[in-house]
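Listed below are the residues making up each chain.
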Amino acid sequence: MRFSLLLASAASLLTLAACSETRQAASGSPDGGTLVIATPTDADVLLPPLAATQLSREVCDQVFDHLAEIGDSLQTIGDAGFTPRLAQRWDWARDSLSIAFHIDPKARWHDGQPVRASDVRFTVALYKNPKLASPFTPQVANIDSASVRDSLTAVVWFHQRRPEAFYDIAYQVAILPEHLLRDIAPEKLMTSQFARHPVGTGRFRFARWDAGSRLELVADTANYRGRAHLDRVVYTITPDNNTGFTQLLSGQADLFEITTPDQLAQLKGNAKVRAFPYPSLQYAFMGFNLHDPKQPARPHPIFGDARVRRAISMALDRRGMLRNVFDTLGAIAYGPFPRSLGSADTTLRLPPFDTTHAAALLDSLGWKRGADGMRARDGHPLAFTLQVPTSSRVRMTYATLIQDQLRRLGITVDIGGMQFPEFMAHQDARDFDASLNAYSTDPSPGGYTQNWGSGGAHKGGSNSVGYSNPVFDALLDSALTSFDPARARAYAVRAYQVLADDAPAVWLYDVLTVGAISTRIHTAPLRADEWWAHLADWTIPPAERIDRDRIGLGAAKP
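Quantities reported herein were computed from a predicted structural model and do not represent experimental measurements. (Residues numbered from 1 in each chain as written. Predicted model: local features only at pLDDT ≥ 70, side-chain atom pairs only at ≥ 80, totals over all residues. Heavy atoms only, no water.)

Q: Even after reading the chapter, I still don't get the sheet that holds strand β21 (residues 505-510), so can you show me in this structure?
A: In a beta sheet, neighbouring strands are held together by backbone hydrogen bonds and run either parallel or antiparallel to one another. If you walk across this open sheet you meet the 6 strands as β14-β21-β13-β20-β18-β19, and the pairing is mixed. Taken across any chain shown, the strands that pair with only one partner, and hence form the sheet edges, are β14 (331-332) and β19 (412-418). Relative to strand β20 (residues 434-440), strand β13 (residues 282-288) is paired through 7 bridges, and the arrangement is antiparallel. Bridge assignment links A284 to a residue of β20, and that residue is A438. Sitting on the sheet, helix α12 (residues 420-429) touches β18 (383-389), β19 and β20, and the angle it makes with β18 is about 130°. (Pairing = 2+ DSSP bridges. Helix = DSSP H or I, 4+ residues; strand = E, 2+ residues; numbered from the N terminus. Contact = heavy atoms within 4.5 Å. Axes fitted to C-alpha atoms, helices over the stretch in contact; angles between N-to-C directions.)

Structure below.
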């Protein structure tokens, strides 16, 4: 399963593609055209505070708006890097404990109702309501509430002055329609009709969702910020990687989000399809469930011991696996962050690759080799199941490499490959031993509180491994409350080291995000946290539009 032989020619292709990544359509080109995106996993729910899958996030970000939008530089301190969205402008209180947002009077929900300050008040209360059980609750902990000054002025109140107070409300909270949601109990929103047929204020509006098959958005032609340049965007759900790539090459799709190195090599010399390298804030890891799946109140019989976790980490040749899969294009992970983030730290002390020390540590803990070479203690084998989504060829390859390397140390690993919805269901239910996961993090260290802080360790939270350490929490909180950048970074690095020492995961690699795209598609600038952030400004020249009726997608809806 060695991919590296296919990467030599792909590397030069990536370099050329990156240089021409952003292209604008000719000035004056009329709006129109359909963009078809082949994506491996379906959405789970189309309600921003509950959306967990990548497609759910992509769709929600097109359908719903924030009060303000973060800039492409991803500046999270203060408000200088943000531009108006639903709020035309905003005023800070003298003590910086509240912000008055002035709603654009032209803003309308897709059903025609005007956006009001009461929608902001309702949304903030909903995000914070424990009955909703939003995984984003830790991200809005510093927001106290929102009040209505008048119909177009909402005041958001904070518990503390924080450098990222504006970011907390503007980036983390998508505004929702009170008139459509107020009569639905928060605990029932996940299964509500609205969660499958959302109504927002974005430049695209929801059109249809055929679960497991297709999801469609259309331009909101009367949008207060101007209609999207594309007529519509259609996501086709193609769990099989080869099928999605074939759809792209045949013209049935225009964008394929994740290519494998061998597929990338096939694009060399193709005049109709090019590589689509895009920035991301994703990192991949093998996470250990720290609690017994059958008795969650008890520690996991194997991974509840940090010494065992460190031994397993030392037994894995992370750099060797990286070369095997990515050749020279991969980047090793150092913690819960991609190296593209300014807050990433590559000087952290991680468990070294040392199989001799790993074996001695397991011996000292009573996990002894038997006659068959495999380890056991008190009659219980040192064995676990590693869950992996089969839609990720890279993670499936990593699973095999991990299985082989741990077998040499006397550890039995069964690979539990499953479709992504089933994989996510097991993650949410905490029903796993270990899993190969890939997280998209926020541009702020505050995102780590969601995925690794104690506040996200509850069932349904984003901290699926159940890691909880008050020292980590306190250090990260100090980093987020300090107005001195140097001190904030020092606190963050100390927090990351605590996490590394506790070894709740083996940090594997930064996710290499390279897709493939039709050359007829002209993209807008790509933002590192969300490549789709400016999707409404993508264009297709009139001469290059395709009659999608002929390939079974049907006519665009008004």
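Q: Quick question: what am I supposed to make of the sheet that holds strand β6 (residues 143-150) here?
A: Taken in spatial order, the 4 strands make up an open sheet running β4-β5-β7-β6, and their pairing is antiparallel. Here the strands that pair on one side only, and so sit at the sheet edges, are β4 (87-92) and β6. Geometrically, the sheet is characterised by an average inter-axis angle of 25° between neighbouring strands, direction not taken into account. The pairing of β6 with strand β7 (residues 153-158) spans 6 bridges and is classified as antiparallel. The residue of β7 that forms the bridge with S147 is V155. Across the sheet, helix α3 (residues 117-128) lies against β5 (98-103), β6 and β7, angled at about 165° from β6, the strand it touches most.

Q: Just checking my understanding: could you explain the packing of aromatic side chains for this structure?
A: Enumeration according to the criterion identifies 31 aromatic pairs in this entry. Relative to F166, the ring of W90 has its centre 4.9 Å away and its plane inclined at 45°; by these criteria the two rings are tilted. With W90 in strand β4 and F166 in helix α4 (residues 165-170), this residue pair connects regions lying 76 residues apart in the sequence. The same class applies to W90 and to F166, which are both buried. An aromatic cluster is present here, built from F82, W90, W92, F101 and F166 joined pairwise through their rings. Between R196 and the ring centre of W209, over which it is positioned, the NZ or CZ distance is 3.8 Å. (Phe/Tyr/Trp six-rings, centres within 6.5 Å; stacked < 30°, edge-to-face > 60°. Buried < 20%, exposed > 50% of the residue type's maximum accessible area, 1.4 Å probe, protein only. Lys NZ or Arg CZ within 6 Å of the ring centre and 35° of its normal.)

Q: Sorry, what's going on with the confidence of the model for the chain here?
A: Any segment with low pLDDT has predicted coordinates that should not be analysed in fine detail. The predicted model of the chain averages 90 in pLDDT, with 92% of residues at 70 or higher. For residues 1-28, every residue scores under 50 in pLDDT, and the model assigns this stretch 58 contacts once sequence neighbours within four places are set aside. (pLDDT = per-residue confidence, 0-100.)

Q: Can you walk me through the side chain of S518 in this structure?
A: Here S518 shows up in strand β22 (residues 514-518). When neighbours within four sequence positions are excluded, S518 is seen to be in contact with L248, D254, K272 and V273.

Q: Got a minute to help me understand the pairing of strand β1 (residues 34-39) in this structure?
A: Side-chain positions along a regular strand alternate between the two faces of the sheet. Of all 6 residues in β1, 6 are buried, a share of seventy percent or more. Side chains of β1 alternate between two faces, with T34, V36 and A38 and L35, I37 and T39 buried alike. As paired strands, β1 and strand β10 (residues 232-237) are joined by 6 bridges and run parallel to one another. Paired with T39 across the strands is I237, a residue of β10. With 2 bridges joining them, β1 and strand β11 (residues 255-256) adopt parallel strand pairing. Following the sheet pairing, A38 is matched in β11 by F256.

Q: In this structure, what is going on with the environment of D168? I would like to understand it.
A: Topologically, D168 is positioned in helix α4. For D168, a relative accessible area of 10% translates into the label buried. The sequence separation of D168 and H179 amounts to 11 residues, and the corresponding C-alpha distance is 24 Å. Those residues in contact with D168, other than ones at most four positions away along the chain, are Q139, V140, N142, I143 and V173.

Q: I keep staring at the nonpolar core and nothing clicks. Help me out?
A: Nonpolar side chains in soluble globular proteins tend to be buried together. Counting residues in hydrophobic clusters, the biggest one holds 149 residues, and the most contacted among them are M286, I312, L386, Y398, W452, W531 and W538. If sequence neighbours within four positions are ignored, W531 has contacts with I37, Q54, E58, L255, E257, F276, Y278, L526 and W538. One finds V36, L267, V273 and A275 within the second-largest nonpolar core, a separate group that totals 13 residues. (Core = buried A, V, L, I, M, F, W, Y, C linked by side-chain atoms within 4.5 Å.)

Q: Would you mind going over unusual backbone geometry with me for this structure?
A: Among all residues except glycine, the phi angle is most often negative; among peptide bonds, the trans geometry is most common. For L74, which is not glycine, the phi torsion reads 60° and is therefore positive. For L74, the position within the fold is in the loop between β2 (68-70) and β3 (82-84). Owing to a relative accessible area of 13%, L74 belongs among the buried residues under this scheme. A positive phi angle, near 60°, is found at A133, a position not held by glycine. For A133, the position within the fold is in the loop between α3 and β6.

Q: I keep staring at the pattern of salt bridges and nothing clicks. Help me out?
A: For side chains bearing opposite charge, pairing can occur when the charged atoms are close. In the structure shown here, the tally under the stated rule is 21 salt bridges. R527 is paired through a salt bridge with D529; the nearest N and O atoms lie 2.7 Å apart. For the pair R527 and D529, one class covers both residues: buried. Linked through salt bridges whose partners overlap, the residues forming this network are R57, E69, R527, D529 and E530. (Salt bridge = Lys/Arg side-chain N within 4 Å of Asp/Glu carboxyl O.)

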